[in-house]
Amino acid sequence: MAHDDWNPRKLPDLSGKRYLVTGSNAGLGYFATLQLASAGAHVIMTGRSPQRLATARASVTRALPEGVGSIETLLLDTSNLGSVRAAAATARGRKPLHGLLLNAGIVHPPRQRRTTPDGHELVFATNVLGHYALAGELLIALAAGRGRMVWVGSVSTSIWKYDPTDIELESDYSPWRAYVQSKVATTSLGLEADQRLRAASVPVSSLVAHPGYSTSGRTRGIAGINEPTRMTRFTDNLQVAVTQSKERGAWPLVRALVDPDAAGGEFYGPSGVVRGEPRVATPAAITRDPEIAARLWSYCEHTTRTPWPYLKASRTRAKS
């Protein structure tokens, strides 16, 4: 169990560590990258747009102390399974991976249900399927580094308890349901992954973290990264009692990824639920339901055609 004396402003030395962060050209992913690299880590920043990735990389590099940390970029669209596999093949390389932050996602879903070229509902594909497949594709590299994977949940799962029976919302789509249900799935899979990895004696831990209520209007302006309108600044600052910056929202994600005392299966969030210092928290009951977790795992495994390698080997041995 992690201790409560964690200081998010002073991370342990991460020199020699290698991390991959999805969706790192803005928002939580950008600030998580900056915090990791500022502690000496090498970070692989990923995103869909080469231009936005280049801008983000330049911004992080300018902010780093001389000789501290390093950055590379990698194109990755989590809504596209082909892109996921291509990026994973590059990221694996010949080096171990010490951490994987599964951050990319659609926060503001389209009003009408949309599908990817693969035929999957866009929000579920982006927030869930792509990350499940990426984690599986990078599992061997993570095991080589005795690393961690951190899935990004949401406080919304404690407010709306959508049971993902209609997993891709073919009959009952709404933007809010699409978002919340994807976060129920993300949290459930993250917790389930740790149990399965432990059972197979894989030296990789899986944790979940959520950023509270983090808004761009409470976040410092950075050219090309965070440029909220005056109206956004005004409205977000009206909610100062229940909001925080994206920079602080990244704190629980980073703690889950690098705190040496953090344990697999733990769930992190702000101490005040929506804002505050990063602390161990309790995930929503629906995300801890073993039947829902098993259903989601089976669906993702068959839909992405990505059985996790060590888990597959473990099942094979059990049957022989």
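A brief report on the enclosed structure follows. (Residues numbered from 1 in each chain as written. Predicted model: local features only at pLDDT ≥ 70, side-chain atom pairs only at ≥ 80, totals over all residues. Heavy atoms only, no water.)

**Points about the overall build of the protein chain**
Alright, step 1. On a plain count of helices and strands, the protein chain comes out with 10 helices and 10 strands.
Alright, step 2. In terms of overall size, the protein chain behaves like a compact globule, its C-alpha atoms giving a radius of gyration of 18 Å where 320 residues would be expected to give roughly 20 Å.
Alright, step 3. The principal-axis extents of the C-alpha atoms in the protein chain amount to approximately 60 × 45 × 40 Å.
Alright, step 4. For the protein chain, the residues scored as buried account for 55% of the 320 residues in total.
Alright, step 5. Summarising the internal contacts of the protein chain: among those between residues at least 6 apart in sequence, 75% fall at separations of at least 24.
Alright, step 6. Charged side chains of the protein chain number 38 positive and 26 negative; the gap between the two group centres comes to 4 Å. (Helix = DSSP H or I, 4+ residues; strand = E, 2+ residues; numbered from the N terminus. Rg over C-alpha atoms; globule rule 2.2 N^0.38 Å. Buried < 20%, exposed > 50% of the residue type's maximum accessible area, 1.4 Å probe, protein only. Contact = heavy atoms within 4.5 Å. Lys, Arg positive; Asp, Glu negative; His and termini not counted. Charge placed at Lys NZ, Arg CZ, Asp CG, Glu CD.)

**Re the packing of aromatic side chains**
Each aromatic ring pair is specified by the distance between its two centres and by the angle formed by the two planes.
Alright, step 1. In this structure the tally under the stated criterion is seven aromatic pairs.
Alright, step 2. Pairing Trp 160 with Tyr 162 gives two aromatic rings, centres 6.0 Å apart and planes at 20 degrees, and the pair type is stacked.
Alright, step 3. On the basis of relative accessibility, which here comes to 42%, the residue Trp 160 falls in the partly exposed class.
Alright, step 4. Residue Tyr 162 is classed as buried on the basis of its relative accessible area of 17%.
Alright, step 5. Aromatic rings pair up to connect Tyr 132, Trp 297 and Trp 308 into one cluster. (Phe/Tyr/Trp six-rings, centres within 6.5 Å; stacked < 30°, edge-to-face > 60°.)

**Quick notes on the environment of Leu 134**
Alright, step 1. With respect to the element layout, Leu 134 can be found in helix H4 (residues 122–137).
Alright, step 2. Expressed as a C-alpha distance, the spacing of Leu 134 and Thr 78, which sit 56 residues apart in the sequence, is 8.2 Å.
Alright, step 3. In this structure, Leu 134 is in contact with Leu 20, Thr 22, Leu 76, Val 84, Ala 88, Leu 100 and Leu 102, ignoring residues within four places of it in sequence.

**Digging into helix H3 (residues 81–92)**
Count 3.6 residues to each turn of an α-helix, and residues three or four apart come out pointing the same way.
Alright, step 1. Taking 1.5 Å of rise per residue, 12 residues should cover 16 Å, and H3 covers 16 Å from first to last C-alpha, within 8% of that figure.
Alright, step 2. Listed as buried for H3 are Leu 81, Ser 83, Val 84, Ala 87, Ala 88 and Ala 91. For H3, the buried positions fall inside an angular range of 150 degrees around the axis, keeping them on one side.
Alright, step 3. For H3, the secondary structure elements touched by its buried residues are strand E1 (18–21), strand E2 (42–47), strand E3 (70–75), H4 and helix H9 (290–304).
Alright, step 4. Once H3 ends, the next one or two residues include Gly 93, with phi positive near 45 degrees. (Expected span 1.5 Å × (residues − 1). Arc of directions from axis to C-beta.)

**Brief notes about the sheet that holds strand E4 (residues 99–102)**
Alright, step 1. Spatially, E3-E2-E1-E4-E5-E6-E9-E10 is the arrangement adopted by the eight strands of the open sheet, whose pairing is mixed. Bordering the open sheet on either side are E3 and strand E10 (278–280), each of which pairs with just one other strand. Strand-to-strand twist in this sheet, taken as the mean axis angle between neighbours without regard to direction, amounts to 20 degrees.
Alright, step 2. Pairing between E1 and E2: four bridges, direction parallel. Counterpart to Leu 20 in the pairing with E2 is Ile 44.
Alright, step 3. Running at roughly 160 degrees to strand E5 (residues 148–152), helix H8 (residues 246–258) makes contact with E1, E4, E5, strand E6 (205–209), strand E9 (267–270) and E10 of the sheet. (Pairing = 2+ DSSP bridges. Axes fitted to C-alpha atoms, helices over the stretch in contact; angles between N-to-C directions.)

**What about the packing of helix H1 (residues 27–38) against helix H2 (residues 50–63)?**
Alright, step 1. Viewed as axis vectors pointing N to C, H1 and H2 meet at an angle of 35 degrees, and their least axial separation amounts to 10 Å. Considering the relative orientation of H1 and H2, their crossing is right-handed. Residues Tyr 30, Thr 33, Leu 34 and Ala 37 of H1 lie in contact with H2, whose contacting residues are Ala 56, Ser 59, Val 60 and Ala 63.
Alright, step 2. By residue class, the composition of the contact of H1 with H2 is six nonpolar, two polar and no charged. (Left-handed = near helix turned anticlockwise from the far one by under 90°. Nonpolar A, V, L, I, M, F, W, Y, C, P; charged D, E, K, R; others polar.)

**Quick look at the side chain of His 131**
Alright, step 1. For His 131, the position within the fold is in helix H4.
Alright, step 2. In this structure His 131 comes out as buried when scored by relative accessible area, which is 2%.
Alright, step 3. A polar contact is formed between the side chain of His 131 and the side chain of Thr 22, at a distance of 2.9 Å.
Alright, step 4. Apart from residues no more than four positions distant in its own chain, His 131 is found in contact with Thr 22, Thr 78, Leu 102, Asn 103, Ala 104, Thr 126 and Trp 151. (Polar contact = N/O pair within 3.5 Å; in protein donor to acceptor, adjacent residues only side chain to side chain.)

**Some details on the pairing of E2**
Alright, step 1. Of all six residues making up E2, five are buried, and the element is well covered by its neighbours.
Alright, step 2. Since E1 and E2 lie parallel, the crossover through H1 that links them has a hand, and here it is right-handed.
Alright, step 3. In this sheet, E3 lies alongside E2 in parallel orientation, the contact comprising six bridges. Residue pairing across strands places Ile 44 opposite Glu 72, the latter belonging to E3.
Alright, step 4. Following the chain from E2 across H2 to the adjacent parallel E3, one finds a crossover that is right-handed. (Right-handed = clockwise from strand over helix to strand, strands pointing away.)

**Topic: unusual backbone geometry**
Alright, step 1. Of note in this structure, Arg 146 is not a glycine but carries a positive phi near 50 degrees.
Alright, step 2. If you trace the backbone, Arg 146 turns up in the loop between helix H5 (139–144) and E5.
Alright, step 3. In this structure Arg 146 comes out as exposed when scored by relative accessible area, which is 64%.
Alright, step 4. Phi angles above zero are rare outside glycine, and Ser 201 is one such case at about 55 degrees.
Alright, step 5. Among the secondary structure elements, Ser 201 is positioned in the loop between helix H6 (175–199) and E6.
Alright, step 6. Among the residues examined, Ser 201 registers a relative accessible area of 65% and is labelled exposed.

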